Amino acid sequence: MELANYLVERQTQVEDALTRFIALDGIPSELLPLRLVDAMRYSLLGGGKRLRPILTLAAAEAIQPDRAMDAMPFACAMECIHTYSLIHDDLPAMDDDDLRRGRPTNHVQFDEATAILAGDALLTLAFELCGRTPEHVPTGIVLKLVTLLSQAAGVSGMVGGQMLDLQAEHQSITLAQLKTIHGSKTGALIRCSCEAGARIAGGDTQQVASLSAYGTWLGLAFQIRDDLLDVLGDTQKLGKPIGSDEKNDKATYPKFLGLDGAKQAAEQAVTQALECLENFPGQRAEPLRELAR
């Protein structure tokens, strides 16, 4: 398959769906604080790879291709969660970054209070979108999706990982602790995306477990690569400042393993991710394979 074409097609579908959902149709205009809605749309529709929603759709496709679009509301929920985390991550109390996706960060474009509320609103919208999963998907699956999303985004997932990451600044930690931090902060949402897509499409226990494990290894590879880009990347190409990890004295994989060691660790994680897809024959899982590679 041609990954670039696949990504463009899926990104277009996700962008269209996000635009529909963030229109907030059905809510009387007098109940909508326009500055808050503008701030939500500014960050949600401000570009990005849309990796997590694409993973959700691709995982569903690996189970049953004709069920992939059933996963679109949850896929958009994942992007709402991711976007809210970026808004808050950029705040002065966190990384204090001024640039995101090549544009001023939300708190710079609007103000700090509006940025906090925009993140809060996107987080809440994500759970509304879980409830918009098509009615033919069993209620038990929808309830499981809410649990998965809560765990991946909450204290035992992304938010908890962010707290651990903040506490590790200027501290000496072990490589095992670093893996725990990033397994929560970054890996939990990626794993959730893959597992949710499998469940929505009706995957059996083994298929769900395999795609969840794939997401775990992919999340590790993604984080290592992100750490490397903070050292080797280009601000203009990435759309965000590089060197912020060093500025904040954060523990990273290059810091522990060196550049060559980090690259090797990423390659090993990709190999493990691909092994999780061995029981998915044919072309259904090819997008997941190409995304890992």
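Everything below is about the structure printed above this text.
Everything numeric in this text was worked out from a predicted model, so none of it was measured. (Residues numbered from 1 in each chain as written. Predicted model: local features only at pLDDT ≥ 70, side-chain atom pairs only at ≥ 80, totals over all residues. Heavy atoms only, no water.)

K.L.:
Is there a simple way to explain the overall build of the chain in this structure?
P.N.:
For the chain, the count of helices and strands is 14 helices and two strands. The C-alpha atoms of the chain give 19 Å as radius of gyration, which agrees with the globular expectation for 293 residues (19 Å, within 12%). Seen along its three principal axes, the alpha-carbon backbone of the chain occupies a region of about 55 × 50 × 35 Å. Out of the 293 residues belonging to the chain, those deemed buried represent 51%. Look at the contacts in the chain between residues 6 or more apart in sequence, and 72% of them connect residues 24 or more apart. Accessible surface, the chain: about 13,500 Å² in total, of which carbon and sulfur atoms supply 53%. Each charge class in the chain was averaged separately, 27 positive and 39 negative side chains, and the resulting centres sit 2 Å apart. (Helix = DSSP H or I, 4+ residues; strand = E, 2+ residues; numbered from the N terminus. Rg over C-alpha atoms; globule rule 2.2 N^0.38 Å. Buried < 20%, exposed > 50% of the residue type's maximum accessible area, 1.4 Å probe, protein only. Contact = heavy atoms within 4.5 Å. Areas by Shrake-Rupley, 256 points an atom, 1.4 Å probe, with all protein chains shown as cover. Lys, Arg positive; Asp, Glu negative; His and termini not counted. Charge placed at Lys NZ, Arg CZ, Asp CG, Glu CD.)

K.L.:
When you look at the packing of aromatic side chains in this model, what are you seeing that I'm missing?
P.N.:
Two measures describe an aromatic ring pair: the distance that separates the ring centres and the angle between the ring planes. Applying the stated rule across the entire model yields one aromatic pair. Measuring from ring centre to ring centre gives 5.5 Å for Y42 and F110, while their planes differ by 80 degrees; the resulting arrangement is edge-to-face. Separated by 68 residues along the polypeptide, Y42 in helix 2 (residues 34-44) and F110 in the loop between helix 5 (106-109) and helix 6 (112-130) bring together distant segments of the chain. On the accessibility criterion, F110 (18% relative accessible area) is buried. Taking NZ or CZ as reference, R103 lies 3.8 Å from the ring centre of Y42, over its face. (Phe/Tyr/Trp six-rings, centres within 6.5 Å; stacked < 30°, edge-to-face > 60°. Lys NZ or Arg CZ within 6 Å of the ring centre and 35° of its normal.)

K.L.:
Mind showing me how you'd approach empty space enclosed by the protein here?
P.N.:
Any empty space left between the atoms is revealed when a probe the size of a water molecule rolls over them. Enumeration according to the criterion identifies one cavity of 30 Å³ or more in this entry. The space that makes up the largest cavity amounts to roughly 110 Å³. Along the wall of the largest cavity there are 13 residues; nearest its centre are Y42, S43, R100, R101 and N106. When contributions to the lining of the largest cavity are tallied by element, the ones reaching two or more residues are helix 2, helix 4 (72-89) and strand 2 (103-104). (1 Å grid on protein atoms, 1.4 Å probe; cavity = no way out; pocket = protein on both sides within 12 Å on 5 of 7 lines; lining within 4 Å. Points joined across faces, edges and corners; volume = space filled by probe spheres on them.)

K.L.:
Explain the packing of helix 3 (residues 51-63) against helix 4 here, please?
P.N.:
Interaxial distance between helix 3 and helix 4 falls to 8 Å at its minimum, and their mutual angle equals 155 degrees. Judged by the inter-axis angle, helix 3 sits roughly antiparallel to helix 4. Considering how the two elements wind past one another, helix 3 and helix 4 form a crossing that is right-handed. The segment helix 3 lies against helix 4, with R52, P53, T56 and L57 engaging M72, F74, A75, M78, E79 and H82. By residue class, the composition of the contact of helix 3 with helix 4 is six nonpolar, two polar and two charged. (Axes fitted to C-alpha atoms, helices over the stretch in contact; angles between N-to-C directions. Parallel < 35°, antiparallel > 145°, perpendicular 65-115°, else oblique. Left-handed = near helix turned anticlockwise from the far one by under 90°. Nonpolar A, V, L, I, M, F, W, Y, C, P; charged D, E, K, R; others polar.)

K.L.:
I'm lost on the packing of helix 3 against helix 9 (residues 175-200) in this one. Help?
P.N.:
Helix-helix packing: each pair is described by the crossing angle between the helix axes and the interaxial distance. One way to put it is that helix 3 packs onto helix 9 with a least axis distance of 7 Å and a crossing angle of 30 degrees. You can see that helix 3 and helix 9 cross each other, and the crossing is right-handed. In contact with L51, R52, L55, T56, A59, A60 and I63 of helix 3, helix 9 contributes L189, I190, S193, C194, G197 and A198. Looking at the contact of helix 3 with helix 9 residue by residue, the class counts come to nine nonpolar, three polar and one charged.

K.L.:
Sorry if this is basic, but what is going on with unusual backbone geometry here?
P.N.:
What is expected of a backbone is that most residues other than glycine have negative phi and most peptide bonds are trans. At R50, a position not held by glycine, the phi torsion is positive, near 60 degrees. Note that R50 resides in the loop between helix 2 and helix 3. One non-glycine residue, R101, adopts positive backbone phi at about 55 degrees. By the secondary structure assignment, R101 is in the loop between strand 1 (99-100) and strand 2.

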